[in-house]
Protein chains: 2
Amino acid sequence: MNTADTMRDCLPTLDAPDIGLPASAPPDYRDVLAAATRIAPHAHVTPVLRSRSLDALAGCELLFKCENFQRAGAFKFRGACNAVWSLSATEAARGVVTHSSGNHGAALALAARDRGMPAHVVVPEGAVASKLAAIKAYGATLHPCAPTMSAREAECTRVQAETGAVLVHPFTDPRVIAGQGTAALELFHQVGLQEPGGLDALIAPIGGGGLIGGSAIVARGHSLDMQVFAAEPAGAADAFESLRQGRRVADIVPVTIADGLRGTIGAINLALLQTHRVEVLLVEEEEILAAMRLIWERLKIVIEPSSATVLAAVLRHRDRFANRRVGLILSGGNIAAPSII
Amino acid sequence: MNTADTMRDCLPTLDAPDIGLPASAPPDYRDVLAAATRIAPHAHVTPVLRSRSLDALAGCELLFKCENFQRAGAFKFRGACNAVWSLSATEAARGVVTHSSGNHGAALALAARDRGMPAHVVVPEGAVASKLAAIKAYGATLHPCAPTMSAREAECTRVQAETGAVLVHPFTDPRVIAGQGTAALELFHQVGLQEPGGLDALIAPIGGGGLIGGSAIVARGHSLDMQVFAAEPAGAADAFESLRQGRRVADIVPVTIADGLRGTIGAINLALLQTHRVEVLLVEEEEILAAMRLIWERLKIVIEPSSATVLAAVLRHRDRFANRRVGLILSGGNIAAPSII
């Protein structure tokens, strides 16, 4: 991918609509436990991978939670699955709707298919063809609209009115946040958190804040001492700025190769970061690319750029992690196969 | 990679010297069991991955044994490790030597480093810089030579004479073959071979025949009925021709993107294929590339082209595998990160 391509692709995110939702109560630890039970029959238990050479390079112990191996290729399936199976039979019959041309759209489509119910995904014109194909392959009905936020919201409202479908927002929906928290919960069980040598720190990427919000809930549910970090591209530093200014900063135009992290942090998500003392670590674009290459070469797994931010943050802020035991959530692996293969 | 690049890279293999070795007794099932015990403290137990969508595509159950996650990035570490830890203390003090600029060279270097003994790797001029760097990083002494087979053998003999190092051939050494067999042994345990639903078929790539030789020993040790297949590029069909003609065909110039499979089958390896009724399935270059893309997209793992041949073979010979439960050994993941990342 050359720079021009990257930049052209850096329009404000499609997967992170800043739509006005009624304020919801944030989920808590019990909601995550309930989500884990609810999604267990459907979601994969993803592996935790390690690499001696990456440990040596980072100067700490790295435990990679591989959500790139999750169904539909990203952690998003957890939240979508929890939302879908939280619905009453009456709600389920009407279906779900979202607007997303990214991983959330595909995840919601797949979760809805599992339950045998309709899914509607509003997709702006110009969205990536391969992602649309995935959403369609999972059986969702696509609703094209103009590539503006107002057009997307209008189309979403129209579909809701016409079908009665339940809106499942990609990261502000409490059911979604609780579902995303199950990745950290699973990681803690896998690494034996209760035993000596449990995790000292947890780090997850931040876009809209669903994954890190759920992760922080779980981390605090387990330990008051564990450090919880969000890795954010410096080119999309809305969460960093929001925490610094103590208010939601929503006017940053994101410019980053990490397409999954171009979203603007939600209000409920920001509140979770503040409550649970999450610190945001910024990473530069070249650091994301270098970390992606390292994970490819050393772990032999396919990840999308968003996932690489967590390793990039550990390598950049090496002193913060020295000799610690660090859990890193690799968020997804949906990236087009490069032309070499 | 464009066609010109591929072709330029298709010189006769570096990792498969056709050197004259004294005939050795082939290893048997007990040798593989002993190897498993010997390498257990050093080698990874690699995961078995599955994909519903690939199962649906292939029309059978696919169980992927992921040797791309093995130490040094390929199954080669198993054989090298078994050879290294089979040596007496006296032999170990003198070190090991091989000529290979590929995965075997790196694997032998790493295994020797584990045991704290010297490794010498004869590498022809013009070998891939990144692979040489890996061999060097594992602490081996590199011995450059001219890129001809006679120069390589001469240099190997010189190093042996000078150092007393033990030669560890990449695929004809019985210790190496026994070590490679541990991948299939591990797979059988992981999938519960003794239970209903054990494997109906096993397939591994074939280059020189170390991996498939060891795999066939294990398969026959478990079951007389299991079908055992070797996947071979049509552009490097020496094993296929050797079985067909009932004699070792060593004059084929390999032309394939699967750089790990350009070796010519060894005599001991051919005998193992004949004894254990291994059938060779040929695959075309475009089928290898398509399978590689599928594994990338669906399993989210990094594999080298050689690994993709097994899925390519199942997809090409779909009728042979319909509704069967098939174990596929993904041999390695050492491929340069493409420029997209």
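Everything quoted here is computed from the prediction, not taken from an experiment.

A.B. asks: Talk me through helix α9 (residues 174-191) of chain A; I want residue IDs and the actual numbers.
C.D. replies: Given 3.6 residues to a turn, an α-helix orients residues that are three or four positions apart in the same direction. Residue and element names in this part refer to chain A. The first and last C-alpha atoms of α9 sit 26 Å apart over 18 residues, in line with the 26 Å expected at 1.5 Å per residue. Of all 18 residues that make up α9, 14 are buried, and the element is covered over most of its length. Where α9 terminates, the next one or two residues include G192, which has phi positive at roughly 65°.

A.B. asks: Talk me through the environment of A:A236; I want residue IDs and the actual numbers.
C.D. replies: Structurally, the position occupied by A:A236 is in the loop between β8 (227-233) and α11 (238-245). In this structure A:A236 touches A:P254, A:T256 and A:L261, once residues within four positions along its chain are discounted.

A.B. asks: Go over the interface of chain B and chain A with me, naming the residues and quoting the values.
C.D. replies: The partner chain A presents 27 residues to the 27 residues of chain B that form the contact. Carbon and sulfur atoms supply 64% of the area that chain B and chain A bury against each other, a total of about 2500 Å² over both sides. Remark: the boundary between chain B and chain A carries eight residue pairs in polar contact (both at pLDDT 80 or more). Among the elements that make up the side of chain B that touches chain A, the one with the highest residue count is helix α13 (residues 285-299) of chain B (six residues). Its residues assigned to classes, the side of chain B that touches chain A shows 15 nonpolar, seven polar and five charged.

A.B. asks: Explain the relation of the copies chain B and chain A residue by residue, including any values.
C.D. replies: Take chain B, turn it by 180°, move it 0.0 Å along the axis, and it overlays chain A with an RMSD of 0.0 Å. Both chain copies can therefore be described as sitting about a two-fold axis. In terms of C-alpha distance to the rotation axis, chain B has B:I301 as its closest residue, with the C-alpha 2.0 Å off the axis.

A.B. asks: Which residues make up the sheet that holds strand β6 (residues 166-167) of chain A, and what values do they have?
C.D. replies: Residues and elements named next belong to chain A. The strand order across the open sheet built from four strands is β5-β4-β3-β6, with neighbouring strands paired in parallel fashion. Edge positions in the open sheet fall to β5 (141-145) and β6, since each of these has one partner strand only. Those strands touched by helix α6 (residues 103-115) are β3 (96-99) and β4 (119-124), and its axis lies near 170° from that of β3.

A.B. asks: Requested: an account of the nonpolar core, with residues and values cited.
C.D. replies: Counting residues in each nonpolar core, the largest one holds 76 residues, and the members touching the most others are A:I203 and B:I203. Excluding its chain neighbours within four sequence positions, the residues that come into contact with A:I203 are A:F229, A:A231, A:L281, A:V310, A:A313, A:V314, A:F321, A:V326, A:G327, A:L328 and A:I329. B:V32, B:F75, B:A237 and B:I268 belong to the second-largest nonpolar core, a separate cluster that totals 36 residues.

A.B. asks: So what's going on with the pairing of β3(A)? Which residues, and what values?
C.D. replies: All names here are of chain A. Where burial is concerned, the two faces of β3 agree: the one with V96 and T98 and the one with V97 and H99 are both buried. As defined by bridge partners, β3 adjoins β4 across four bridges and the pair is classed as parallel. Bridge assignment links T98 to a residue of β4, and that residue is V121. A crossover connection joins β3 to the parallel β4 through α6; in handedness this β-α-β unit is right-handed. Of the strand pairs in this sheet, β3 and β6 are connected by two bridges, and their pairing is parallel.

A.B. asks: Provide a residue-level description of the pattern of salt bridges, including the pertinent values.
C.D. replies: Taken as a whole, this structure holds 34 salt bridges over all chains when the rule is applied. Between A:E284 and A:R316 there is a salt bridge, with the nearest N and O atoms lying 3.7 Å from each other. Residue A:E284 is found in the loop between β9 (278-283) and α13 (285-299), and its partner A:R316 is found in helix α14 (residues 305-316); the two are separated by 32 residues along the sequence. The partly exposed category is assigned to A:E284, whose relative accessible area is 33%. The residue B:E186 makes a salt bridge to B:R78 at a minimum N-O spacing of 3.0 Å.

A.B. asks: Give a description of unusual backbone geometry that names residues and reports values.
C.D. replies: Residue and element names in this part refer to chain B. Here R277, not a glycine, exhibits a phi torsion of approximately 55°, which is positive. Here R277 shows up in the loop between α12 (267-275) and β9 (278-283). One non-glycine residue with positive phi stands out, namely N323, at about 65°.

A.B. asks: How would you explain the packing of α13(B) against helix α14 (residues 305-316) of chain B if you had to name every residue and give the values?
C.D. replies: Residue and element names in this part refer to chain B. Between α13 and α14, the least distance of the axes is 7 Å, while the angle of their chain directions is 100°. Considering their axes alone, α13 and α14 lie roughly perpendicular with respect to each other. Residues E287, I288, A291, M292, L294 and I295 of α13 form the contact with α14, whose own contacting residues are P305, A308, T309, L311, A312, L315 and R316. When grouped by side-chain class, the residues that make up the contact of α13 with α14 number 10 nonpolar, one polar and two charged.

A.B. asks: Account for the sheet that holds strand β6 (residues 166-167) of chain B, with residues named and values stated.
C.D. replies: All names here are of chain B. Reading across the sheet, the four strands line up as β5-β4-β3-β6 and stay open at both edges, with parallel pairing between neighbours. At either margin of the open sheet sits one strand with a lone partner, and together these are β5 (141-145) and β6. With respect to the sheet, helix α6 (residues 103-115) is in contact with β3 (96-99) and β4 (119-124), its orientation differing from that of β3 by roughly 170°.

A.B. asks: Which residues make up α6(B), and what are the values?
C.D. replies: Residues and elements named next belong to chain B. The terminal C-alpha atoms of α6, which comprises 13 residues, lie 19 Å apart, in line with the 18 Å expected from a rise of 1.5 Å per residue. For α6, the buried fraction is high: 10 of the 13 residues fall into the buried class. Structurally, α6 contributes buried residues whose contacts are with α4 (76-86), β3, β4 and α7 (129-137). Phi for G116, located one or two positions after α6, is positive at around 70°.

Criteria and cut-off values
- Residues numbered from 1 in each chain as written.
- Chains lettered and ligands numbered in written order.
- Predicted model: local features only at pLDDT ≥ 70, side-chain atom pairs only at ≥ 80, totals over all residues.
- Heavy atoms only, no water.
- Helix = DSSP H or I, 4+ residues; strand = E, 2+ residues; numbered from the N terminus.
- Expected span 1.5 Å × (residues − 1).
- Buried < 20%, exposed > 50% of the residue type's maximum accessible area, 1.4 Å probe, protein only.
- Contact = heavy atoms within 4.5 Å.
- Buried area = accessible area lost by both parts, 1.4 Å probe.
- Polar contact = N/O pair within 3.5 Å; in protein donor to acceptor, adjacent residues only side chain to side chain.
- Nonpolar A, V, L, I, M, F, W, Y, C, P; charged D, E, K, R; others polar.
- Least-squares fit on C-alpha atoms with pLDDT ≥ 70 in both.
- Pairing = 2+ DSSP bridges.
- Axes fitted to C-alpha atoms, helices over the stretch in contact; angles between N-to-C directions.
- Core = buried A, V, L, I, M, F, W, Y, C linked by side-chain atoms within 4.5 Å.
- Right-handed = clockwise from strand over helix to strand, strands pointing away.
- Salt bridge = Lys/Arg side-chain N within 4 Å of Asp/Glu carboxyl O.
- Parallel < 35°, antiparallel > 145°, perpendicular 65-115°, else oblique.

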